[in-house]
Amino acid sequence: MSAIESPFFDWLLVYPFWISVLIIVQSIVFLIPLDLIRLTLYPLYKKHRENVKRKASLLSLIIITASVVYVPVRVAYDYNFVSTRVTEVEIENLHEDLENFRITLIADTQADWYTDKARLDNYIETANATNPDLILMAGDVITSTPRYIQKGAEGLGKLTAKYGVYTCVGDHDNWAYREDNARSLREISSALSEVGVEMVDDDNRVIQVDSAAINISFITYTYSRRIEQAALELLSMKNGKHDLDIFLTHQPNERLVALAEELDY
């Protein structure tokens, strides 16, 4: 997020700078292999090097032109459209009341200067359109500064799911106040609670679905704070007593994924 929140500043400096960086990176991905191929094959074509040089220059120009067109189009697309992915999870001996149960997982709404109301509403509407029974969020309600806590919470308050909306703690949820992580988390949790969304910090929640029970362990694993092994094992002690156990965290690294499997999530 830029320190200066101004449309003029964004369109004059921020957007041109980052789009230019992306164009350069996108071009280099193809230009470097092209040059390596030329160097490797030079002994084979050195008698025709001028002809090859012209063709390589033309190909380089095509690559750069394509990048100049592609990058802004892709940026505009990513800004305005939200993609979804449907995954069907088959679980042996799943309780009949959980058959075709729909869980929508979202993360990183990150309300800030660039994520305006229209963009956030588009995201929320896309999530609601999946017709979820339960919505789980993997944290990051805001990007930074307390100014966007209310906007982020109000957006998430529009999410609708029969069995509720829950989120774990994300990295940025600690950074509304850079020098006071506890206050950041407290104010975000409070704002979410007011709109019917619960942020759970290193704790379990059991959701009753007719005669079936879903246990969710909300694990705080961020740059600011990471759950201790003993506390994680304590939270997992109730595993196996429910029809489905879910492990939710903001940073699901390989160690945590392996540990979740080991603890029967």
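Let me sum up the structure you'll find in this document. Computed from a prediction, not measured in an experiment: that's the story for all the values here.

### Some points on unusual backbone geometry
Notably, Asn100 is not glycine yet its phi reads approximately 65 degrees, a positive angle. In this structure, Asp202 is a non-glycine residue whose phi angle is positive, near 50 degrees. The residue Asp202 is located in the loop between β4 (197-199) and β5 (203-209) in this model.

### Section: the packing of aromatic side chains
Taken as a whole and judged by the stated rule, the model has 8 aromatic pairs. When the ring of Phe247 is compared with that of Tyr265, the centres are 5.2 Å apart and the planes differ by 75 degrees; the resulting orientation is edge-to-face. Taken together, the positions of Phe247 in strand β7 (residues 244-249) and Tyr265 in the segment after α7 (254-262) put the pair 18 residues apart, joining distant regions of the chain. Judged by relative accessible area, Phe247 falls into the buried class, the value being 17%. Each member of the aromatic cluster is reached from another via a ring pair, and the members are Trp11, Tyr15 and Tyr114. Seen from the ring of Tyr177, Arg183 lies directly overhead, with NZ or CZ sitting 4.0 Å from the centre.

### A closer look at the sheet that holds β4
One open sheet holds the 4 strands; their spatial order is β1-β2-β3-β4, and the pairing between them is parallel. For this open sheet the edge positions go to β1 (103-106) and β4, each flanked by a neighbour on one side alone. The sheet shows a mean angle of 20 degrees between the axes of neighbouring strands, taken without regard to direction. As paired strands, β1 and strand β2 (residues 134-137) are joined by 4 bridges and run parallel to one another. In the sheet register, Ile103 faces β2, and the bridge partner there is Leu134. Running at roughly 155 degrees to β4, helix α5 (residues 181-194) makes contact with β3 (165-167) and β4 of the sheet.

### Description of the nonpolar core
Formed by 24 residues in total, the largest nonpolar core has its most connected members in Val141, Ile142, Leu156, Leu159 and Leu192. Of all the secondary-structure elements, those providing two or more residues to this core are α3 (117-128), β2, α4 (149-156), α5 and β4. Broken down by element, this core gets its largest block of residues, 4 residues, from α5. Excluding anything up to four places from it in sequence, Val141 contacts Thr109, Gln110, Ala111, Gly152, Ala153, Leu156, Asp173, Ile188, Leu192 and Met199. One finds Leu98, Cys168, Val200 and Val209 within the second-largest nonpolar core, a separate group that totals 19 residues.

### Here's the deal with the pairing of β2
Because side chains alternate across β2, one face comprises the buried residues Leu134 and Leu136, and the other comprises Ile135 and Met137, equally buried. A crossover connection joins β1 to the parallel β2 through α3; in handedness this β-α-β unit is right-handed. Chirality of the crossover, the property in question, places the unit of β2, α4 and β3 among those that are right-handed.

Calculation rules
Residues numbered from 1 in each chain as written. Predicted model: local features only at pLDDT ≥ 70, side-chain atom pairs only at ≥ 80, totals over all residues. Heavy atoms only, no water. Helix = DSSP H or I, 4+ residues; strand = E, 2+ residues; numbered from the N terminus. Phe/Tyr/Trp six-rings, centres within 6.5 Å; stacked < 30°, edge-to-face > 60°. Buried < 20%, exposed > 50% of the residue type's maximum accessible area, 1.4 Å probe, protein only. Lys NZ or Arg CZ within 6 Å of the ring centre and 35° of its normal. Pairing = 2+ DSSP bridges. Axes fitted to C-alpha atoms, helices over the stretch in contact; angles between N-to-C directions. Contact = heavy atoms within 4.5 Å. Core = buried A, V, L, I, M, F, W, Y, C linked by side-chain atoms within 4.5 Å. Right-handed = clockwise from strand over helix to strand, strands pointing away.

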